[in-house]
Amino acid sequence: MDFSKKVEFSDKLFVQEVDGELVLLDMQSENYFGLDATASDIWRILQEGKTLDETVNALLEIYDVDAETLRKDLSNFVSQLQEQGLATLH
């Protein structure tokens, strides 16, 4: 995955915060996706228009985890969003 790219979220998504975590509704398929606190943090940072590299750096300031693990987890998260048609990389 190219970490110099930014994530663009689908315009068919409705996002609502519930108790500090995010719930995503795909308006086209009507599927709901719940994000835990960590995934919600990732989502918020990506929403700021940061590249994946910048997102890794921001998350390293929040979480006590090594960069390699974080990059793998972020890559998996973005891949899942892409598979569901909820995001693309640009």
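Below is a summary of the structure that appears in this document.

### Focus: the pattern of salt bridges
Item 1. In the structure shown here, the tally under the stated rule is six salt bridges.
Item 2. Between Arg71 and Asp53 there is a salt bridge, with the nearest N and O atoms lying 2.8 Å from each other. With Arg71 in helix α3 (residues 67–83) and Asp53 in helix α2 (residues 52–62), the pair connects residues that are 18 residues apart, well separated along the chain.
Item 3. Residues participating in the shared-partner salt-bridge network are Glu17, Asp41 and Arg44.

### Points about the sheet that holds strand β2 (residues 13–18)
Two pairing modes exist for strands in a sheet, parallel and antiparallel, and in both the strands are linked by backbone hydrogen bonds.
Item 1. Within the open sheet, the three strands sit side by side as β2-β3-β4. Their pairing is antiparallel. The two strands at the open ends of the sheet, each matched to only one other strand, are β2 and β4 (31–35). This sheet shows a mean twist of 20° between the axes of neighbouring strands, independent of strand direction.
Item 2. The pairing of β2 with strand β3 (residues 21–26) spans six bridges and is classified as antiparallel. Bridge assignment links Val15 to a residue of β3, and that residue is Leu24.
Item 3. The strands that helix α1 (residues 37–47) touches are β2, β3 and β4; relative to β3, the one it contacts most, it runs at about 70°.

### Section: α2
Item 1. When we look at burial in α2, the residues that qualify are Leu52, Thr55, Val56, Ala58 and Leu59. Along the axis of α2, the buried residues cluster in a sector spanning 170°; they form a single face.
Item 2. For α2, the secondary structure elements touched by its buried residues are β1 (7–9), α1, α3 and β5 (87–89).

### Details of the pairing of β3
Item 1. Summarising the sheet, β3 and β4 pair through five bridges and their orientation is antiparallel. Bridged to Asp26 within β4 is Asn31.
Item 2. Counted between consecutive antiparallel strands, the loop separating β3 from β4 contains four residues, among which Glu30 sits at a positive phi close to 65°.

Cut-off values and rules
- Residues numbered from 1 in each chain as written.
- Predicted model: local features only at pLDDT ≥ 70, side-chain atom pairs only at ≥ 80, totals over all residues.
- Heavy atoms only, no water.
- Salt bridge = Lys/Arg side-chain N within 4 Å of Asp/Glu carboxyl O.
- Helix = DSSP H or I, 4+ residues; strand = E, 2+ residues; numbered from the N terminus.
- Pairing = 2+ DSSP bridges.
- Axes fitted to C-alpha atoms, helices over the stretch in contact; angles between N-to-C directions.
- Contact = heavy atoms within 4.5 Å.
- Buried < 20%, exposed > 50% of the residue type's maximum accessible area, 1.4 Å probe, protein only.
- Arc of directions from axis to C-beta.

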